[in-house]
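Residues per chain are reported as follows:
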Amino acid sequence: MAYTIFKLEDYSASALERAAAECVRACTEEASAVRNDAELKAFRDRWVARKSGILTQINDLWLKGAPKNAKREAGIRVNELKSRIQELVEGAKVGDTHASSAAAERVDISLPGVRRPIGAEHPVIKTMHEIVAVFQKLGYSVAEGPVVETDYYNFESLNFPPNHPARDTQDTLFIAGQQSKPQRERLLLRTHTSPVQIRTMEKMRPPLRIVIPGTVHRNDPPDASHSPMFHQVEGLAVDTNITFGDLKGTLDHAMKEFFGSSVKTSFRPSFFPFTEPSAEMYVSCFICGGSGRRGADPCRPCKQTGWIEILGCGMVDPNVFEFVKDNGYDPKKVSGFAFGMGADRIALLKYGVDDLQLFFQGDVRFLRQWA
């Protein structure tokens, strides 16, 4: 016969001890009688269910019904009893022979395991991968190179004259103790991913189409729009008869793929030592639709112009090809274009963030928004 809780009339120590012992005995017998998963669930619900379980009834009938002078002793006994009953119920679930068999029988080994969350891509890295994926669909290969570069690959082979401002220590982070080396062999932290273009052309003959993601370093104080370390994505295409029209068509397609088919592109003349002619590429503001306003308010990302600068680009300067001429890059026979953009800046625009430092402060509350 199933155990039924009864109301105590005697609250003496001996009476409480006998009632508790009888309750424990009943629970032990019922636990040993469990034969399958359904009985295990019914046993657990009967004893520890929140609203109608026996433990709840013990609390209501024995503790709340105790006389005022016996409440302290009754409380001690009831708490001890509840702990013991909970141990028995948990033991039946994981330790009792029959209950363990039932638990083992309900394991479905065909189900996938429980995966521990391991986080998500950082929004800047995610943006960089998305940019790279756009160009991979166009047939570009991914190329990488060292972050610690020589002056030759970072400047000289990219047509930077010795007096170019980018060579100034206010812009470039140089490795200490390099004064005894020739200038072209001195080490520095690369200021752009462009050295990978030269390194790749030294290894591979044309035609060539590569996209280069990576981190770069400049001696910039950190603020809302600058960081001494940031991310770039560059691209290079070299073949016979490549024109500026190929550059415009490629980048126009890539920007529409990334920002949406409704954006427009615009190219404005600029200057870069390693391209000639050079241009800055703008896209119509994908936030305000190119109107320069967001409702009654001005559009801050495009500064009310309706255009956002995205990247720098241009046709590869023939002087750059001269450094790899012996590997098939004769400037009289081949031509190419190059482009480069900051992944951090694009992430700022894409996610509507107004402070670059938020990406690097490691605040999980901020980063979780894009998990």
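Report follows, based on the coordinates. (Residues numbered from 1 in each chain as written. Predicted model: local features only at pLDDT ≥ 70, side-chain atom pairs only at ≥ 80, totals over all residues. Heavy atoms only, no water.)

Concerning the side chain of T191
Looking at the secondary structure, you find T191 in the loop between β3 (187-189) and α8 (195-203). Every residue in contact with T191, bar those within four places of it in the chain, is listed here: N154, F155, T172, V216, H217, R218 and Q232. (Helix = DSSP H or I, 4+ residues; strand = E, 2+ residues; numbered from the N terminus. Contact = heavy atoms within 4.5 Å.)

Notes on the sheet that holds strand β7 (residues 275-284)
If you trace the seven strands from one edge of the open sheet to the other, you get β1-β4-β5-β11-β10-β7-β6, paired in mixed fashion. Lying at the two open borders of the sheet, with one neighbouring strand each, are β1 (141-142) and β6 (265-272). Both strand β10 (residues 307-316) and strand β11 (residues 335-342) contribute to a ladder of five bridges, which runs antiparallel. Note that in β11 the partner of G312 across the bridge is G340. On the sheet, helix α9 (residues 244-259) packs against β6, β7, β10 and β11 and is oriented at approximately 145° with respect to β10. (Pairing = 2+ DSSP bridges. Axes fitted to C-alpha atoms, helices over the stretch in contact; angles between N-to-C directions.)

Overview of helix α6 (residues 123-137)
With 15 residues, α6 extends 21 Å from end C-alpha to end C-alpha; this agrees with the ideal 21 Å at 1.5 Å per step. Of all the positions in α6, only P123, V124, T127, M128, I131, V132, V134 and F135 are classed as buried. (Expected span 1.5 Å × (residues − 1). Buried < 20%, exposed > 50% of the residue type's maximum accessible area, 1.4 Å probe, protein only.)

Some points on the pattern of salt bridges
Here the structure, examined in full by the defined rule, presents 12 salt bridges. When the shortest N-O distance is used, the salt bridge between R25 and E29 registers 3.1 Å. Of this pair, R25 and E29 both sit in helix α1 (residues 13-32), four residues apart, which is roughly one turn of the helix. On the basis of relative accessible area, E29 is assigned to the partly exposed category, the value being 45%. (Salt bridge = Lys/Arg side-chain N within 4 Å of Asp/Glu carboxyl O.)

Observations regarding helix α3 (residues 54-63)
The complete set of buried residues in α3 reads I54, L55, I58 and W62. The buried residues of α3 occupy one face: seen down the axis, they fall within an arc of 95°. (Arc of directions from axis to C-beta.)

Some points on the environment of V216
Mapped onto the elements of the fold, V216 is located in strand β4 (residues 208-217). As a C-alpha pair, V216 and P112 span 104 residues in sequence and 41 Å in three-dimensional space. With residues up to four places along the chain from it excluded, the contact list for V216 reads R190, T191, H192, T193, P228, M229, F230 and Q232.

Side note on the nonpolar core
Counting 45 residues, the largest nonpolar core has F135, L251, M255, I310, L311 and M341 as the members making the most contacts within it. Taken together, the elements giving at least two residues each to this core come down to α6, β5 (229-239), α9, β7, β10, β11 and α11 (343-351). Beyond its immediate stretch of four places on either side in the chain, F135 contacts Y140, V211, T250, L251, A254, F339 and M341. Counting 29 residues, the second largest nonpolar core, distinct from the first, contains C23, A26, V34 and A92. (Core = buried A, V, L, I, M, F, W, Y, C linked by side-chain atoms within 4.5 Å.)

Points about the packing of aromatic side chains
Within the structure shown, the criterion is met by 13 aromatic pairs. Residues F135 and Y140 carry aromatic rings whose centres are separated by 5.6 Å and whose planes lie at 70° to one another, so their mutual orientation is edge-to-face. Since its relative accessible area comes to 1%, F135 is described here as buried. The class for Y140 is buried, based on a relative accessible area of 7%. (Phe/Tyr/Trp six-rings, centres within 6.5 Å; stacked < 30°, edge-to-face > 60°.)

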